[in-house]
Amino acid sequence: MQPYLPADKASQELFRTEMKNLHLYGYGIKGMMLCMVEAICNIITQTNEVPHCIREVIRLGQELIEHPIELLGGVEETLSQLSNRYKLILITKGDLLDQERKVGKSGLKPYFHHIEILSDKQPEDYQRMMQSLACPPNGFLMIGNSMKSDILPVLQLDGYAAHIPYPITWQHEQHEEEVNHPHFLRLNKITEILHHL
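Report follows, based on the coordinates. (Residues numbered from 1 in each chain as written. Predicted model: local features only at pLDDT ≥ 70, side-chain atom pairs only at ≥ 80, totals over all residues. Heavy atoms only, no water.)

A look at the overall build of the chain
Here is step 1: Assigned secondary structure in the chain consists of seven helices and five strands.
Here is step 2: Counted from the first residue to the last, the chain has its helices and strands arranged as α-α-α-α-β-α-β-α-β-α-β-β.
Here is step 3: Taken against the 2.2 N^0.38 rule, which gives 16 Å for 197 residues, the C-alpha radius of gyration of the chain at 21 Å runs more than 25% over that of a compact globule.
Here is step 4: Residues classed as buried in the chain amount to 36% of the 197 residues present.
Here is step 5: For the chain, the share of sequence-separated contacts (at least 6 apart) that also reach a separation of at least 24 residues comes to 55%.
Here is step 6: As presented, the chain carries roughly 12,700 Å² of accessible surface, and 56% of it is formed by carbon and sulfur atoms. (Helix = DSSP H or I, 4+ residues; strand = E, 2+ residues; numbered from the N terminus. Rg over C-alpha atoms; globule rule 2.2 N^0.38 Å. Buried < 20%, exposed > 50% of the residue type's maximum accessible area, 1.4 Å probe, protein only. Contact = heavy atoms within 4.5 Å. Areas by Shrake-Rupley, 256 points an atom, 1.4 Å probe, with all protein chains shown as cover.)

Okay, structure coming up:
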């Protein structure tokens, strides 16, 4: 940044940006990288050399992080009924801080006996989690919208899985092949699980 700002001033701008975004990104290299990009935008913007689209991407990303959680219909009612009869576990994957924030904002935390945030959802991740919870696969039912992450790994372990398709699915999570497994169930909405348990 020397052509634009002395090193101490650039460091101050980076630190200010990190502190401003700490509640959004948390600690770690990804947050640091995003803050560096934003700090560079702030420094170079004064010379009008930074494309507007970079600043807009940062703004949209921060807006998405802070966006309110909108529950799908029937979710809270179903969890309320199930939590009285079963030990419910929320299993999600992704950035720890982001997922913790979503769970907190959802208002659903009290319904869960345990919350597990994984970096990925592979069979070995589920197996490790089941072992730590002392839950055998035949006593485990996963309900989710991703065939690739929620359903197939659990079926591979011979657990039970109920798929609830959602109209918008990330291409990475799409799975086109038909699933034929005795422990597989397809639902249209979450409330339907109450008729199967």
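And the narrative resumes.
Observations concerning the pairing of strand S3 (residues 141-144)
Here is step 1: Of the two faces of S3, the one holding Met142 and Gly144 is buried and the one holding Leu141 and Ile143 is not buried anywhere.
Here is step 2: Sheet topology note: the S3/strand S4 (residues 160-163) ladder contains four bridges and is parallel. The residue bridging methionine 142 from the neighbouring strand is alanine 161, located in S4.
Here is step 3: For the handedness criterion, the β-α-β arrangement of S3, helix H7 (residues 147-156) and S4 is classed as right-handed. (Pairing = 2+ DSSP bridges. Right-handed = clockwise from strand over helix to strand, strands pointing away.)

Notes on the packing of aromatic side chains
Here is step 1: Applying the stated criterion across every chain, the model contains one aromatic pair.
Here is step 2: Between tyrosine 126 and phenylalanine 140 the ring centres are 6.4 Å apart and the planes differ by 70°, which places this aromatic pair in the edge-to-face class. Taken together, the residues span a long stretch of sequence, with tyrosine 126 in helix H6 (residues 123-132) and phenylalanine 140 in the loop between H6 and S3 at a distance of 14 residues. There is no split in this pair, since tyrosine 126 and phenylalanine 140 are both buried. (Phe/Tyr/Trp six-rings, centres within 6.5 Å; stacked < 30°, edge-to-face > 60°.)

A look at unusual backbone geometry
Here is step 1: Of note in the backbone geometry, alanine 134 takes a positive phi value of approximately 55° without being a glycine.
Here is step 2: Take alanine 134: it is sitting in the loop between H6 and S3.
Here is step 3: Positive phi, close to 70°, is recorded for aspartate 158, a residue that is not glycine.
Here is step 4: Position of aspartate 158 among the secondary structure elements: in the loop between H7 and S4.
Here is step 5: Residue aspartate 158 is classed as partly exposed on the basis of its relative accessible area of 41%.

Section: helix H2 (residues 29-44)
Here is step 1: Between its first and last C-alpha, H2 extends 22 Å over 16 residues, near the 22 Å set by a 1.5 Å rise per residue.
Here is step 2: All of the buried residues along H2 are Gly31, Cys35, Glu38, Ala39, Cys41, Asn42, Ile43 and Ile44. (Expected span 1.5 Å × (residues − 1).)

So, a nonpolar patch on the surface
Here is step 1: A cluster of nonpolar side chains, Ile29, Met32, Met33 and Met36, forms an exposed patch at the surface whose accessible area comes to about 370 Å².
Here is step 2: With respect to the helices, strands and loops of the structure, methionine 33 is situated in helix H2. (Patch = residues over 30% accessible without salt bridge, like charges linked within 9 Å, V, L, I, M, F, W, Y side chains within 5 Å. Salt bridge = Lys/Arg side-chain N within 4 Å of Asp/Glu carboxyl O.)

What about helix H5 (residues 96-106)?
Here is step 1: Looking at H5, one finds that the buried residues are Asp98, Gln99, Arg101, Val103 and Ser106.
Here is step 2: Taking the backbone nitrogen of leucine 97 as reference, a side-chain oxygen 3.3 Å away marks aspartate 95 as the first, capping residue of H5.
Here is step 3: At the C-terminal side of H5, glycine 107 shows a positive phi close to 80°. (Polar contact = N/O pair within 3.5 Å; in protein donor to acceptor, adjacent residues only side chain to side chain.)

Quick word on the pattern of salt bridges
Here is step 1: Applying the stated rule across the entire model yields 12 salt bridges.
Here is step 2: Put simply, glutamate 173 and lysine 93 hold a salt bridge, and the shortest N to O gap is 2.8 Å. Within this pair, whereas glutamate 173 is found in the loop between S4 and strand S5 (184-186), its partner lysine 93 is found in strand S1 (residues 89-93), the two being separated by 80 residues in sequence.
Here is step 3: The residue lysine 102 makes a salt bridge to aspartate 98 at a minimum N-O spacing of 3.6 Å. Remark: aspartate 98 and lysine 102 occur in helix H5; sequence separation between them is four residues, near one turn of the helix.
Here is step 4: The structure contains a network of salt bridges with shared partners spanning Glu56, Arg59 and Glu63.

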